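What the coordinates show
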Amino acid sequence: MARWICNNCSTHFEGGIFNTRNCPHCYHPLSEFFKVIFNLLKFAVIVVPLLIIIKLVSNPTFENIVLSVKNLVKIDTAIYYQPSLYFNNLFYLKDDSYYILRERKFVYRRIVSSEYTNKVAPYLILPAEQTVLAKGLIRKDSYFWIAAEFYKEDLRQRVFILAPKNWEAEMARVDRKDILDRAKNEFRNAVLSAVGYKEVGGKDNIKKFMEENSEYFRLEIEDTSFLKPFFQIVSPQYELAYFVLNSDKNKVDELKEKYLNINLIEKNLLQLKSGQKN
């Protein structure tokens, strides 16, 4: 086992089986953990205000930065599909998108050469009007292969859709924001139909009501994230708010899970339509 001398306290120590250079007197796992947390906080103090400035100056640039980070951490794209798809999405800033098929499409478990497409039987044929989640695309020979997902009963299917060069003419893009907005409206209407509430208009009145009525909580419909406290500074202040009694919070949470659970929304949207050919 190698022997080392600590540069900090000049202690002589052995590296052990793994030949580590961490001095037993200076190194402590807990202190190293707090160092990492401190460095992350320093990074956040710099990056978060910078992101807010970029969002104010150029929202498209901000969205491209967010998309790049999202694609960077989507390692499952390389695992479930191909590493080339992962790097393609990263380089070309491809985002996950919902599409409705305008006509039926052949679906394969894996990409095959163009010379074999007429010889290899497809996994199934997706019918027209089927909604899929496109995870990216790869060009091979004279075709495009669209990595896509949908649900067959309770099982999420990860497949490749065979498509021509003009594939966008055969698929209609679905507005993700419109889907979420409809879900939020359904959630709000369901809550207001199920429980008693107070409707308060005007920013000053809303603020005053929150301060004077602790037995009520504000009905939050918008999505939340760890960046919400920062972006609330630049977010619009709504002129109308709904307040619900604290005693009805469990009922509201149940309705939120029913209407705003993104996994359930997506599962219903991507459910395989009847009439498909296996």
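Relevant structure appears above.
Here the residue index of a chain counts from 1 through its sequence in written order. For a predicted model such as this one, the threshold for reporting local features is a pLDDT of at least 70, and the threshold for listing and counting side-chain atom pairs is 80 or more; totals across whole chains, interfaces and linings nevertheless cover every residue. By convention in this description, side-chain values take in all heavy atoms of the structure and omit both hydrogens and water.

In helix packing, the relevant descriptors are the interaxial angle and the interaxial distance, both defined with respect to the helix axes. Contact geometry of helix 2 (residues 59-73) with helix 4 (residues 83-92) gives a least axis separation of 9 Å together with a crossing angle of 170°. Viewed along their axes, helix 2 and helix 4 adopt a mutual orientation that is roughly antiparallel. Residues Ser68, Asn71 and Leu72 of helix 2 touch helix 4, and the partners they reach there are Tyr86, Asn89 and Leu90. Taken together, the residues of the contact of helix 2 with helix 4 sort by class into 3 nonpolar, 3 polar and no charged. Every axis corresponds to a line fitted to the C-alpha atoms, with the helix fit spanning only the stretch in contact, and the corresponding angles, defined between N-to-C directions, vary from 0 to 180 degrees. Runs of E in the DSSP output that reach at least two residues are strands. Runs of H or I that reach at least four are helices, and both are numbered from the N terminus. Working definition: roughly parallel below 35 degrees, roughly antiparallel above 145 degrees, roughly perpendicular at 65 to 115 degrees, and oblique for all remaining angles. Residues count as neighbours in contact if any of their non-hydrogen atoms are within 4.5 Å of one another. Gly is put with the polar residues, along with every residue not named as nonpolar or charged; the nonpolar set is Ala, Val, Leu, Ile, Met, Phe, Trp, Tyr, Cys and Pro, and the charged set is Asp, Glu, Lys and Arg.

Exposure categories follow from relative accessible area, calculated using a 1.4 Å probe and restricted to protein chains: below 20% of the type maximum is buried, above 50% is exposed, and the middle band is partly exposed. Counting buried positions over the 5 residues of strand 3 (residues 97-101) gives 4, a clear majority of the element. Strand direction decides the pairing type here: strand 3 and strand 9 (residues 171-174), joined by 4 bridges, are antiparallel. Within the sheet, the bridge partner assigned to Leu101 lies in strand 9 and is Met171. Strand pairing follows a simple DSSP-based rule, namely that at least 2 bridges must link the two strands.

We define a salt bridge as a contact between a side-chain nitrogen of Lys or Arg and a carboxyl oxygen of Asp or Glu at a distance within 4 Å. Per the stated rule, a full pass over the model turns up 11 salt bridges. Notably, a salt bridge pairs Lys177 with Asp181, separated by 2.8 Å at the nearest N-O pair. With Lys177 and Asp181 both in helix 5 (residues 176-194), this residue pair falls 4 residues apart, about one helical turn. A cluster of three or more residues bridged by salt bridges with shared partners is formed by Glu149, Arg156, Arg158 and Glu266.

Attention now goes to a nonpolar patch on the surface. Patch membership requires more than 30% relative accessible area and the absence of a salt bridge. Residues of like charge join within 9 Å; the nonpolar side chains Val, Leu, Ile, Met, Phe, Trp and Tyr join within 5 Å. For accessible areas, the Shrake-Rupley method is used with a probe of radius 1.4 Å. Any residue's cover is judged against the shown protein chains and nothing else. A cluster of nonpolar side chains, namely Ile65, Val69, Leu72 and Val73, defines an oily patch on the protein surface of about 340 Å² accessible area. Here Val73 shows up in helix 2.

A few words on the nonpolar core. As used here, the term nonpolar core means buried Ala, Val, Leu, Ile, Met, Phe, Trp, Tyr and Cys residues forming a set that is joined through side-chain atoms within 4.5 Å. Among the nonpolar cores identified, the biggest contains 26 residues, and Leu126, Val132, Ile146, Phe150, Ile161, Trp167 and Met171 are the most heavily contacted of them. Within the residue set of this core, elements represented by two or more residues are strand 3, strand 5 (124-126), strand 6 (131-140), strand 7 (143-152), strand 8 (155-163), strand 9 and helix 5. It is strand 7 that provides the largest number of residues to this core, a total of 5 residues. The residues contacting Ile161, other than those within four sequence positions of it, are Lys105, Phe106, Val107, Leu126, Val132, Phe144, Trp145, Ile146 and Ala148. Counting 12 residues, the second largest nonpolar core, distinct from the first, contains Ala190, Val195, Phe217 and Leu219.

Next up on the list: the side chain of Glu149. With respect to the helices and strands, the residue Glu149 is situated in strand 7. When its relative accessible area of 2% is taken as the criterion, Glu149 is described as buried. Polar contact criterion, stated in full: a pair of N or O atoms within 3.5 Å, where within protein one must be able to donate a hydrogen and the other to accept it, and residues adjacent in sequence count only if both atoms are side-chain atoms. Among the polar contacts listed, one links the side chain of Glu149 to the side chain of Tyr81, at a separation of 3.2 Å. For Glu149, the side chain forms a polar contact with the side chain of Arg158, separated by 3.3 Å. Aside from chain neighbours lying at most four places away, what touches Glu149 is Tyr81, Val132, Leu133, Lys135, Arg156, Gln157, Arg158 and Leu270.

Let us now look at the sheet that holds strand 5. Either a parallel or an antiparallel arrangement is found when strands of a sheet pair, and the pairing is made through backbone hydrogen bonds. Pairing is antiparallel across the open sheet formed by 7 strands, whose spatial order is 5-4-8-7-6-3-9. Pairing within the sheet leaves two strands with one partner each, and these edge strands are strand 5 and strand 9. With strand direction ignored, the average angle separating the axes of adjacent strands in the sheet is 45°. Pairing geometry for strand 3 and strand 6, over 4 bridges, is antiparallel.

Stacked, tilted and edge-to-face are the three classes assigned to paired rings of Phe, Tyr and Trp, where Trp is represented by its six-membered ring and a pair needs centres within 6.5 Å; plane angles under 30 degrees give stacked, over 60 edge-to-face, the rest tilted. In this structure the tally under the stated criterion is 7 aromatic pairs. For the ring pair Tyr86 and Phe87, a centre distance of 5.1 Å and an interplane angle of 80° mean the geometry is edge-to-face. With a centroid separation of 5.8 Å and an interplanar angle of 70°, the aromatic rings of Tyr197 and Tyr242 are classed as edge-to-face. One end of the pair, Tyr197, is in strand 10 (residues 197-201); the other, Tyr242, is in strand 12 (residues 240-245), and 45 residues separate them in sequence. Put simply, the rings of Phe209, Tyr216 and Phe243 touch in pairs and so form one group of aromatic residues. Geometry around Tyr123 places Arg109 over its ring, the cationic atom sitting 3.9 Å from the centre. Here, over-ring charges are defined by two tests on the NZ atom of lysine or the CZ atom of arginine: distance to the ring centre within 6 Å, and angle to the ring normal within 35 degrees. Its guanidinium or amino end placed over the ring of Tyr80, Arg158 lies 3.8 Å from that ring's centre, counting from NZ or CZ.

A separate point is the pairing of strand 6. Counting buried positions over the 10 residues of strand 6 gives 8, a clear majority of the element. In the sheet, strand 6 pairs with strand 7 via 7 bridges, with the strands oriented antiparallel. The residue of strand 7 that forms the bridge with Lys140 is Tyr143. Two successive antiparallel strands, strand 6 and strand 7, enclose a turn made up of 2 residues, where Asp141 displays a positive phi of approximately 60°.

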